[in-house]
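# Structural description and commentary
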Amino acid sequence: MSQPRHQLLDLIATLSFKLGDFTLASGQPSDYYIDCRVTTLHAQGGRLAGIVLLDLIREHCPSAVAVGGLTMGADPLVSNTASASAWELADHREFLALAPEENHGPEPTLLHGFLVRKAEKTHGTGRRIEGFLHTGAPVVIVDDVCTTGASTITALEAAREAGMNVVGVFCIVDREQGGRLHIEQALAEIPSASDIPFIAVFTATDVRRANSRIKT
């Protein structure tokens, strides 16, 4: 596991994982809760989430030009991933200026951001998608915690309805409660797109184990 990924896991396990009696947004009862926003809105946690997601997107969906998701769980992920791509490009150009004779590889591309509203605005432009919006553009969808997959699928469908081409789906934590199956079923229904990946950075099991490790 890379250092940023390991650090992100420890932060989630420390800041976002809680034991107790909870009712999830899906209505399901649970003896634990993972509030990823506590971590993704943390200065260091947000930075790490952006770096980790950018690395995974570069690896699995190199054609992507934008990253988006359903407000508000995806908001800090979208912003930090887009910012991470800008910092990556800035670092590349700085290294190139310092050592132009060396091979620094191809120049990184920027990943722009977009957010999907839960409902269309009733004023102004009336848009449901804010930010990047280009017909035919290859984009990825991100989410913080995936339980049933409903919010991720909502963002996926909205991006496709707006004319964008979804090439990958990512979440920070898969609660392992059926969300992966639902998302993969939704991806399988996209014509000529059987190879679209769904990738979870961590599972709830990973987070729970890290929480136990940190407490001992």
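Residues numbered from 1 in each chain as written. Predicted model: local features only at pLDDT ≥ 70, side-chain atom pairs only at ≥ 80, totals over all residues. Heavy atoms only, no water.

## Focus on the packing of helix α1 (residues 3–16) against helix α3 (residues 43–60)
At a minimum axis separation of 9 Å, α1 and α3 run at an interaxial angle of 135°. Judged by the inter-axis angle, α1 sits oblique to α3. α3 is crossed by α1, and the crossing has left-handed handedness. Across from P4, R5, Q7, L8 and L11 in α1, the residues of α3 making contact are Q44, G45, L48, A49, I51 and V52. Here the contact of α1 with α3 is built from residues that sort into 7 nonpolar, 3 polar and 1 charged. (Axes fitted to C-alpha atoms, helices over the stretch in contact; angles between N-to-C directions. Helix = DSSP H or I, 4+ residues; strand = E, 2+ residues; numbered from the N terminus. Parallel < 35°, antiparallel > 145°, perpendicular 65-115°, else oblique. Left-handed = near helix turned anticlockwise from the far one by under 90°. Contact = heavy atoms within 4.5 Å. Nonpolar A, V, L, I, M, F, W, Y, C, P; charged D, E, K, R; others polar.)

## Points about the nonpolar core
In terms of nonpolar packing, the biggest core is built from 37 residues, with I12, I34, F170, I172 and V207 touching the most fellow members. Listing elements by their share of this core, those giving two or more residues are α1, β2 (29–34), α3, α4 (75–98), β6 (138–146), β7 (165–174), β8 (198–203) and α7 (204–215). Here this core takes 7 residues from α3, the largest share from any one element. In this structure, I172 is in contact with I12, C36, L53, L77, D143, D144, V201 and F202, ignoring residues within four places of it in sequence. Formed by 26 residues, the second largest nonpolar core is a distinct cluster that contains L70, F132, I183 and I190. (Core = buried A, V, L, I, M, F, W, Y, C linked by side-chain atoms within 4.5 Å. Buried < 20%, exposed > 50% of the residue type's maximum accessible area, 1.4 Å probe, protein only.)

## Digging into the pairing of strand β3 (residues 66–70)
Of all 5 residues making up β3, 5 are buried, and the element is well covered by its neighbours. Where β3 lies against strand β4 (residues 112–116), 5 bridges are found, and the strand directions are parallel. Bridge pairing in β4 places G69 opposite L115. The parallel pair β3 and β4 is bridged by α4, and the resulting crossover is right-handed. Bridge count between β3 and β6: 3 bridges; the pairing is parallel. Across the sheet, A66 pairs through a bridge with V139, a residue of β6. (Pairing = 2+ DSSP bridges. Right-handed = clockwise from strand over helix to strand, strands pointing away.)

## Digging into unusual backbone geometry
In this structure, M72 follows T71 across a cis peptide bond, with omega equal to 10°. Mapped onto the fold, M72 is located in the loop between β3 and α4. A positive phi angle, close to 60°, is found at E176, a residue other than glycine. Among the structural elements, E176 can be located in the loop between β7 and α6 (179–188).

## Let's talk about the sheet that holds β7
The mixed open sheet is built from 6 strands, whose spatial order is β5-β4-β3-β6-β7-β8. Every other strand in the sheet has two partners, leaving β5 (129–131) and β8 as the edge strands with one partner each. Neighbour-to-neighbour, the strand axes of the sheet open up by a mean angle of 25°, direction not taken into account. Of the strand pairs in this sheet, β7 and β8 are connected by 5 bridges, and their pairing is parallel. If you follow V173 over to β8, its bridge partner there is F202. Contacts from α1 reach β7 and β8, with the element oriented near 60° to β8.

## Overview of the pattern of salt bridges
Taken as a whole and assessed by the stated rule, the structure comprises 8 salt bridges. When the shortest N-O distance is used, the salt bridge between D10 and R213 registers 2.6 Å. Placement of the pair is D10 in helix α1 and R213 in helix α7, with a sequence separation of 203 residues. Among the salt bridges present, the one from E107 reaches R93, with a minimum N-O distance of 3.1 Å. Separated by 14 residues along the polypeptide, E107 in the loop between α4 and β4 and R93 in helix α4 bring together distant segments of the chain. (Salt bridge = Lys/Arg side-chain N within 4 Å of Asp/Glu carboxyl O.)

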